[in-house]
Amino acid sequence: MSGEAAPQAAPSRQVVVFQIGHEEYAAPIEQVREVVKTPNITLTPNGQDAVVGVINLRGQIVPVLDLEKLFHLPEADRASAQHIVVSEDDAHALFGVQVERVLEVLRIANDAIKPTPKMVAEHVAADYLDGVVILESDNAASQSGRMILLVNLQKIIADRALDQPKQEGSVVTQ
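Quick caveat: nothing in here was measured; it's all calculated off a predicted structure. (Residues numbered from 1 in each chain as written. Predicted model: local features only at pLDDT ≥ 70, side-chain atom pairs only at ≥ 80, totals over all residues. Heavy atoms only, no water.)

Outline the overall build of the chain, listing residues and values.
Within the chain, the secondary structure is distributed over three helices and 11 strands. In the chain, the order of α-helices and β-strands from amino to carboxyl end is β-β-β-β-β-α-β-β-β-β-α-β-β-α. By the burial criterion, 39% of the 174 residues in the chain qualify as buried. Of all intrachain contacts in the chain linking residues separated by at least 6 positions in sequence, the fraction that spans at least 24 positions is 55%. (Helix = DSSP H or I, 4+ residues; strand = E, 2+ residues; numbered from the N terminus. Buried < 20%, exposed > 50% of the residue type's maximum accessible area, 1.4 Å probe, protein only. Contact = heavy atoms within 4.5 Å.)

Structural data, given as structure tokens:
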């Protein structure tokens, strides 16, 4: 037996990477309960602006959020949304986030997560982001690596703005 300790791997975490529009986002895997193909979504009249509607997930009614609206992104074609990322709040109530598609599960080193630039944070809502993941490119000719915004689903659902009904006169569209 040697007295030398085995080298420890750098601290890391797993994230679920998904696409909204042409951008990549990720959420910590511990915040993702499951991923489902987008079922029929029932619109909710006079609902909150960031709520697309509700789905029936094995007998449970689950509200579905639209991150494009919440992040003030250009709206893509709703028909392109292939997946719902399902999470739960602190009270174990389920909610979903509509995404174009889930791309992969990645293990990333904690030091690959950089602070969110102030300009981005002001535009996208700093409270919802835990940083920017920078992944080095395998291509030596590439000047930049892959960047993924790290989203905190728990902060999104805890936001009081989601509890506020839409202003009178607004219309829910699909």
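Having seen the structure, we can now continue with the description.
An account of the nonpolar core is requested, with residue identities and associated values reported.
Counting residues in hydrophobic clusters, the biggest one holds 23 residues, and the most contacted among them are F18, L67, F71, L153 and I156. Listed by contribution, the elements that provide at least two residues to this core are β1 (12-20), β2 (23-28), α1 (67-70), β7 (94-99), β10 (129-135), β11 (146-151) and α3 (153-158). Excluding residues within four positions of it along the chain, F18 makes contact with E23, E24, Y25, A26, A27, L67, V85, V99, R101, V102 and L103. (Core = buried A, V, L, I, M, F, W, Y, C linked by side-chain atoms within 4.5 Å.)

Which residues make up the sheet that holds strand β5 (residues 60-66), and what values do they have?
Pairing within the open sheet is mixed, and its five strands lie in the order β3-β6-β7-β5-β4. Looking at which strands have only one partner, the edges of the open sheet turn out to be β3 (34-37) and β4 (51-57). Looking at each pair of strands side by side, their axes are set apart by 35 degrees on average, direction ignored. Of the strand pairs in this sheet, β4 and β5 are connected by six bridges, and their pairing is antiparallel. When the sheet's bridge partners are listed, L57 is paired in β5 with Q60. (Pairing = 2+ DSSP bridges. Axes fitted to C-alpha atoms, helices over the stretch in contact; angles between N-to-C directions.)

For the pattern of salt bridges, give the residues involved together with the corresponding values.
Overall, the coordinates contain five salt bridges when judged by the stated rule. Among the ionic pairs, R146 bridges to E24, the shortest N-O distance being 2.7 Å. Highlighted residues: R146 in strand β11 and E24 in strand β2, separated in sequence by 122 residues. (Salt bridge = Lys/Arg side-chain N within 4 Å of Asp/Glu carboxyl O.)

Talk me through the sheet that holds strand β8 (residues 101-109); I want residue IDs and the actual numbers.
Pairing in this open sheet of six strands is mixed, and the strands run β8-β1-β2-β11-β10-β9 from one edge to the other. Both outer strands of the open sheet, β8 and β9 (113-114), are each paired with one neighbouring strand and no more. The pairing of β9 with β10 spans two bridges and is classified as antiparallel. When the sheet's bridge partners are listed, I113 is paired in β10 with V133.

Lay out the pairing of β5 with the relevant residues and their values.
Where β4 folds back onto β5 in an antiparallel hairpin, the turn is made up of two residues, including R58, whose phi is positive at roughly 50 degrees. In this structure, β5 lies alongside β7, joined through three bridges in parallel fashion. Directly across from V64, in β7, lies its bridge partner G96.

Which residues make up the packing of aromatic side chains, and what are the values?
Counting across every chain of the model gives one aromatic pair. Measuring from centroid to centroid gives 6.3 Å for F18 and Y25, while their planes differ by 15 degrees, and the two rings are stacked. Look at F18 and you get buried, because its relative accessible area is 1%. (Phe/Tyr/Trp six-rings, centres within 6.5 Å; stacked < 30°, edge-to-face > 60°.)

Describe the confidence of the model for the chain, and please don't skip the residues or the numbers.
Confidence along the chain averages 81 in pLDDT terms, with 74% of residues attaining 70 or more. Mean pLDDT per element in the chain: helix α2 (residues 118-124) is the minimum at 60, and β3 is the maximum at 97. A low-confidence stretch, residues 164-174 stays under pLDDT 50, and its non-local contacts, those more than four residues away or across chains, total 17 contacts. (pLDDT = per-residue confidence, 0-100.)

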